[in-house]
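A look at the structure
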Amino acid sequence: MTIFGASHSEELGVVLSGVPAGISLRAEDFVSDLERRRPQSKGETPRHEADEPIVEGVDAEGVTTGESVTIKFRNTNCKSGDYSHLRLHPRPSHADLTQRMKYGEEYNLAGGGMASGRMTVALVAAGVVAKKMLSGYSFQTELVSVGGVTNKTEFESVISQARLAGDSVGGVVECRVSGVERGLGEPFFDSVESVISHLIFSIPGVKGIEFGDGFEGAKSRGSERNDVIINGEGNTKTNNDGGINGGIANGNDIVLRVAIKPTPSIAKAQQTFNFESNSIEELRIGGRHDSCIARRAMVIVEAMTAFALADLRLQQNGNS
């Protein structure tokens, strides 16, 4: 997977190599997942893009040929002037500073550049293709925490309070995958956990991941949390390991949770360093931003999980 473009470039997209031939892939296949990513609620960015995918690398019938597949999206609703001051007065906890360090002072930070959440439309598109390669799998992804609150009826209130205060909140996304065959994955470097985690951390704003009971399990004794085997097929009484042992899928649902940090771009004034004046000054960011990106991140977490599993499945079939 290679992504290209930037938040305010003319277009952005993704190139996928190794997609098998014979997969039906049409623009309408992307609609459902792209809609899940689209801003829909109060507290989410007012930037709206059509996000109509342009699919290349398929034949006249819309079927993959074995060549690379490219999916492009046009950027038509950009307000680059909102970001001109951030080149010298970078946002705290944003990639403005690290991109300046890596690419130089003249790097175009409009919309956040390559570090923008806008780039995740390409990840969602990649996930759509991956899920078409995962027959027999099913995904259930939900938001399980917002701003530390786990009662879903309070989520909108928590986000609204942050928005009215000119602030932001984070959240936790849980993804559950059913139907994963036993034996998928490898020990150590191509373990199911490591391949998924590598891609999950490509999502802007992700700061943590856990599988199964994760950090809570570290508080237990082995006798309390071990997944006792109950029959000759390897089924277990519980699923505290999240469907993976020794890097290899054990046939249970793969369960993972992802921590999404509060959006760095907030309306509230902040005191932070200004490279032009060489002093700490008040920063007011402006622009169009989410008070909580976690809801829109659900489909992106699902997409990168699917991509990792599709890649592992291709490797497994190639080695069999």
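Treat the numbers as computed from the prediction; the structure is a model and nothing was measured.

What follows concerns the environment of I200. Note on placement: I200 falls in helix α5 (residues 192-200). Not counting residues up to four positions away in its chain, the partners in contact with I200 are V206, I209, V258, V301, M304 and T305.

All right, on to empty space enclosed by the protein then. Tallying each qualifying case throughout the model produces one cavity of 30 Å³ or more. Taken as a whole, the largest cavity encloses approximately 30 Å³ of empty space. Lining the largest cavity are G185, E186, L312, Q315 and Q316. For the lining of the largest cavity, the per-class residue count stands at one nonpolar, three polar and one charged.

Our next topic: the sheet that holds strand β2 (residues 11-16). The antiparallel open sheet is built from four strands, whose spatial order is β1-β2-β4-β3. The sheet is open, and its two borders are formed by β1 (2-4) and β3 (54-56), each paired with just one other strand. Geometrically, the sheet is characterised by an average inter-axis angle of 15 degrees between neighbouring strands, direction not taken into account. Judged from the six bridges that link them, β2 and strand β4 (residues 69-74) form a sheet pairing that is antiparallel. Pairing of V14 across the sheet is with I71, part of β4. Across the sheet, helix α3 (residues 120-132) touches β1, β2 and β4, and the angle it forms with β2 is around 30 degrees.

Turning to the packing of aromatic side chains, a few remarks are in order. Taken as a whole, this structure holds two aromatic pairs when the rule is applied. Aromatic pair F188 and F189: ring centres 6.2 Å apart, planes at 45 degrees, arrangement tilted. Here F188 matches F189 in class, with each residue exposed. For the pair F273 and F275, a centre-to-centre distance of 5.1 Å together with 90 degrees between the ring planes defines the contact as edge-to-face. Using a relative accessible area of 30% as the deciding quantity, one classes F273 as partly exposed. On the basis of relative accessible area, F275 is assigned to the partly exposed category, the value being 32%. Between the NZ or CZ atom of R100 and the centre of the ring of F275, over which it lies, the distance is 3.9 Å. It is K131 that lies over the ring of F139; its NZ or CZ is 5.9 Å from the centre.

An order of β5-β6-β10-β7 is seen for the four strands of this open sheet, with the pairing classed as antiparallel. Strands at the two margins of the open sheet, each flanked by one partner only, are β5 (138-146) and β7 (206-211). Averaged over all adjacent pairs, the angle separating strand axes in this sheet is 20 degrees, with direction ignored. Sheet topology places strand β6 (residues 171-178) next to strand β10 (residues 254-260); seven bridges connect them, and they run antiparallel. Within the sheet, the bridge partner assigned to R176 lies in β10 and is V255. The strands that α5 touches are β7 and β10; relative to β7, the one it contacts most, it runs at about 160 degrees.

The rules behind the values
Residues numbered from 1 in each chain as written. Predicted model: local features only at pLDDT ≥ 70, side-chain atom pairs only at ≥ 80, totals over all residues. Heavy atoms only, no water. Helix = DSSP H or I, 4+ residues; strand = E, 2+ residues; numbered from the N terminus. Contact = heavy atoms within 4.5 Å. 1 Å grid on protein atoms, 1.4 Å probe; cavity = no way out; pocket = protein on both sides within 12 Å on 5 of 7 lines; lining within 4 Å. Points joined across faces, edges and corners; volume = space filled by probe spheres on them. Nonpolar A, V, L, I, M, F, W, Y, C, P; charged D, E, K, R; others polar. Pairing = 2+ DSSP bridges. Axes fitted to C-alpha atoms, helices over the stretch in contact; angles between N-to-C directions. Phe/Tyr/Trp six-rings, centres within 6.5 Å; stacked < 30°, edge-to-face > 60°. Buried < 20%, exposed > 50% of the residue type's maximum accessible area, 1.4 Å probe, protein only. Lys NZ or Arg CZ within 6 Å of the ring centre and 35° of its normal.

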